[in-house]
Amino acid sequence: MHTRTRFSALALLVAGSLLAAAGCAKEDDATDPAAPAKPRTVKAVPGCGKGSWTDPSDLAENRAPARCDKGSPAPRRLSKERSLTIATGTLSAEYVAPLQMAVAKGEFKKEGLDVNLKVLPTPDALPLLAKGDIDAQWAAPEAAVMNGITGGFTIKWAAGNFSPGPGSKSGLWVKLKKGESAGHVPMAGRKLGTMIGKGSVISYPMGKTLKKHGGGLDKIQFQQLGSADVLTALQNGGTDSAWLLDPVWRKVDGDKQYAFLGGQPQGEPLGGLLFGPNLLTEDPDAGVALLRAYIRTVNTYFAGDYKADKAFVSELAKLLKTDEAVLKSTPSLRMDWEIRSGTTDRLQAAYEAAGVAKGEKVPEDKAVDRRLYEEAVGHKR
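These notes cover the structure that comes with them. If you're wondering where the values come from, they're calculated on a predicted model, not measured in any experiment.

### Topic: the overall build of the protein chain
Each helix and strand counted, the protein chain has 14 helices and 12 strands in total. Taken along the three principal axes of its C-alpha coordinates, the protein chain extends 65 × 50 × 35 Å. Expressed as a percentage of its 381 residues, the buried residues of the protein chain come to 52%. In the protein chain, 82% of the contacts between residues at least 6 apart in sequence involve partners at least 24 apart. Total accessible area on the protein chain stands at roughly 17200 Å², and carbon and sulfur atoms take up 52% of it. For the protein chain, the separation between the mean place of its 51 positive charges and that of its 43 negative charges on side chains is 4 Å.

Structure representation (structure tokens):
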């Protein structure tokens, strides 16, 4: 009870600070940063052919992610170097690897960008992004982001990050009771331990999985736990189920006491790069250059099963400052810079069900901008 009370108070505090900062951003801007950007000239890009873009409405789990040739799109150095700051919640997680690798391999430098990766929690970074104090954020369209847009923030989801690869079991695990099986686990009324709050994008796949088993975000008891406590609580009976991330789920995989019920949809990224006014309207050339370097890094180093390359896994483990054996224990992520149609609608429906949405639903065109990554690969609408 105390945990839920503290979480509710924190959610209200974050929402209040976001709305207050949004008001300040509006007053400080002489022009409307949310005004539609002028059409940009899009040219064909060598090495980025038909497969460099996929139909956003394609939600098939086996959809092949967009890809260009290795080393493509080629750098197009800006006439004047720009210094950019990208906020990220962590520098050690595998999903941040493309940014880390782009810095290490000089891919941003090739574009004339001096990129600084700065560790900041999402609530701290959002007001800075909206006001232009930082340029981009490696995060997700969480409830706080959508509530900030409702309050006037000029922030848009500009590129995806990943979806789980085949064989991943990162997601909802349950400790089975007598007579239960993975195919039939009544979830209504059970306790669910997670280090991720209701305002996270994980609420969407979590709710989707719960509904398959007679539950729902409004029919379970959330227990917000520390990262080191989630697995322990599941194992000792402190909670009935838990959302286990890579590589924690490996600890219960194969144990008949536990069942994996589902995780993030394959083929649908739920996060990536969020852009503020600096890269959306004031300097979109730098925004395209940033995405070009990011996309080139994916095509060069993360195009397929990158963990099949032992030397690369060793290099990646050193870069992320993580144990090589731990990194190899889970499948490669399916790196994916594209954004699917309707994802922000599905996320907001989950936030509403969880009781953390504020105000009216944000239309997709106010939360998502695919134009800059499309320009980077030469896709014309």
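On we go from here.
### Remarks on the sheet that holds strand E2 (residues 113–119)
Spatially, E2-E1-E3-E11-E4 is the arrangement adopted by the five strands of the open sheet, whose pairing is mixed. What marks the edges here is a single partner per strand, and that holds for E2 and strand E4 (156–160). Neighbour to neighbour, the strand axes of the sheet diverge by 30 degrees on average, direction disregarded. Relative to strand E3 (residues 136–139), strand E1 (residues 82–88) is paired through three bridges, and the arrangement is parallel. Counterpart to Thr88 in the pairing with E3 is Trp138.

### Observations regarding the packing of aromatic side chains
Here the structure, examined in full by the defined rule, presents seven aromatic pairs. Consider the rings of Phe302 and Phe312, whose centres lie 5.5 Å apart with planes at 75 degrees: the pair is edge-to-face. On the criterion of sequence distance, the pair formed by Phe302 in the loop between helix H9 (284–301) and helix H10 (310–320) and Phe312 in helix H10 is long-range, its members being 10 residues apart. Assessed through its relative accessible area of 0%, Phe302 is described here as buried. Three or more aromatic residues joined by ring pairs form one cluster here, namely Tyr301, Phe302, Tyr306 and Phe312.

### Remarks on unusual backbone geometry
Residue Pro73 is bonded to the preceding Ser72 through a cis peptide linkage, with omega at -5 degrees. Here Pro73 lies in the loop between helix H1 (2–28) and E1. In this structure, Pro247 follows Asp246 across a cis peptide bond, with omega equal to -10 degrees. Examined against the element boundaries, Pro247 turns out to sit in the loop between strand E9 (241–244) and strand E10 (258–263). Not every positive phi belongs to a glycine, and Lys321 is a case in point at roughly 55 degrees. Its place among the elements puts Lys321 in the loop between H10 and helix H11 (324–328). Since its relative accessible area comes to 77%, Lys321 is described here as exposed.

### Some words on the pairing of E3
Both faces of E3 are covered, namely the face carrying Ala136 and Trp138 and the face carrying Gln137 and Ala139. Relative to strand E11 (residues 272–275), E3 is paired through four bridges, and the arrangement is antiparallel. Looking at E11, one finds that Ala139 is bridged to Gly272.

Rules behind the numbers
Residues numbered from 1 in each chain as written. Predicted model: local features only at pLDDT ≥ 70, side-chain atom pairs only at ≥ 80, totals over all residues. Heavy atoms only, no water. Helix = DSSP H or I, 4+ residues; strand = E, 2+ residues; numbered from the N terminus. Buried < 20%, exposed > 50% of the residue type's maximum accessible area, 1.4 Å probe, protein only. Contact = heavy atoms within 4.5 Å. Areas by Shrake-Rupley, 256 points an atom, 1.4 Å probe, with all protein chains shown as cover. Lys, Arg positive; Asp, Glu negative; His and termini not counted. Charge placed at Lys NZ, Arg CZ, Asp CG, Glu CD. Pairing = 2+ DSSP bridges. Axes fitted to C-alpha atoms, helices over the stretch in contact; angles between N-to-C directions. Phe/Tyr/Trp six-rings, centres within 6.5 Å; stacked < 30°, edge-to-face > 60°.

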